[in-house]
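Inside the fold
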Amino acid sequence: MDSVRTRDKIVRVVIHVILIIMSIIMIVPFLWMALTAFKTVAESTSIDPFVIFPSSWKFDNFTTVWKNYNFLILYKNTLLMIFFRVLCAVITATMAGYAFGRLRFPGKNILFGMVLVQMMVPPQIFLLPQYLMVSKMHLLDTTFALVFPGLVSAFGTYLMKTSFQSLPKDLEEAGSIDGCNIGQRFLLIMAPLTRSGMVSLGIFTAVFAFKDLMWPMIACTRSDTTSLSAALAKMQGQFAANYPQLMAAALMACIPMIVLYLIFQKQFVEGIATSGGKL
């Protein structure tokens, strides 16, 4: 018995040591970014491996970036893009997931197969048709252009379909006996029971929208209509880059997602645990 307890303790210690090491490995890039934001250009490009901390903490990089790039507008554009992409993806995916998961209609399997095929296709393939569609509507360099690729979500449809399929049929049958139609069964009975799936979809959509780089650079070229990720990419020069200012801007760009995580930390953890997915 003692040998079993000793073995379990050793296993727990080894697991904790591995987790601590992996956590440090993941934190190091963020710490490097934060420290570089306070350095000079010479310190940031130094080949001396012992130049880790800045000789003097300089806040000029933050003030310079704030003046040269209107971060209030970038924050607004990015938050609007995230909000409307999450809203549209959750609404459309929930309705489509309910239709594919609970209803019977002609061509259901074929249509869902098309959804699965779209998940397998690289998203870069859709850039040209999406750009042409937005251009024909004369909506380039607008908030709608940033939101457009996230109006629907093939992954969200698949996720919500599995969420609805996991619910027992007795719930819908009870609603039908009480006189509920399809809309009432969806809104009042089934949709509230898939909140964990909606939260998971919202988290994934928000992270993917925040990381989206190529589409904002193509559809929104003006500095007052683009997103944070595209603005950071444009700060990178062709032959040289001011790394302290670039890291300062990257650190400031992380603020919205950090704030959102702190506010919705519980929902974030529950959503990832429920979906069993990875970001």
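Preceding block: the structure.
Quick look at the structure, then. On a predicted model such as this, the values are computed, not experimentally measured, just so you know. (Residues numbered from 1 in each chain as written. Predicted model: local features only at pLDDT ≥ 70, side-chain atom pairs only at ≥ 80, totals over all residues. Heavy atoms only, no water.)

**As for the packing of aromatic side chains**
Scanning all chains against the criterion turns up 15 aromatic pairs. Here the aromatic rings of Tyr 98 and Phe 186 are separated by 5.0 Å at their centres, their planes lie at 50°, and the arrangement is tilted. Remark: Phe 186 occurs in helix H10 (residues 182-190) and Tyr 98 occurs in helix H4 (residues 71-102); sequence separation between them is 88 residues. By relative accessible area, Tyr 98 is classed as buried at 4%. Ring centres 6.2 Å apart and planes at 20° place the aromatic pair Phe 204 and Phe 208 in the stacked group. Residue Phe 204 and its partner Phe 208 are both found in helix H11 (residues 195-211); the two are separated by four residues, about one turn of the helix. Taking relative accessible area as the criterion, Phe 208 reaches 41% and is therefore assigned partly exposed. Looking at Lys 161, its charged tip hangs above the ring of Phe 112, at a distance of 4.6 Å from the centre. (Phe/Tyr/Trp six-rings, centres within 6.5 Å; stacked < 30°, edge-to-face > 60°. Helix = DSSP H or I, 4+ residues; strand = E, 2+ residues; numbered from the N terminus. Buried < 20%, exposed > 50% of the residue type's maximum accessible area, 1.4 Å probe, protein only. Lys NZ or Arg CZ within 6 Å of the ring centre and 35° of its normal.)

**Topic: the nonpolar core**
Judged by nonpolar contacts, the single largest core of 27 residues is most densely connected at Phe 62, Phe 71 and Leu 228. When residues of this core are assigned to their parent elements, the largest contribution, eight residues, is made by helix H14 (residues 243-253). With residues near it in sequence (within four places) discarded, Phe 62 still touches Ala 37, Phe 38, Ala 248, Leu 251 and Met 252. Ranked by size, the runner-up nonpolar core spans 12 residues in total, among them Val 90, Ala 93, Leu 167 and Met 190. (Core = buried A, V, L, I, M, F, W, Y, C linked by side-chain atoms within 4.5 Å. Contact = heavy atoms within 4.5 Å.)

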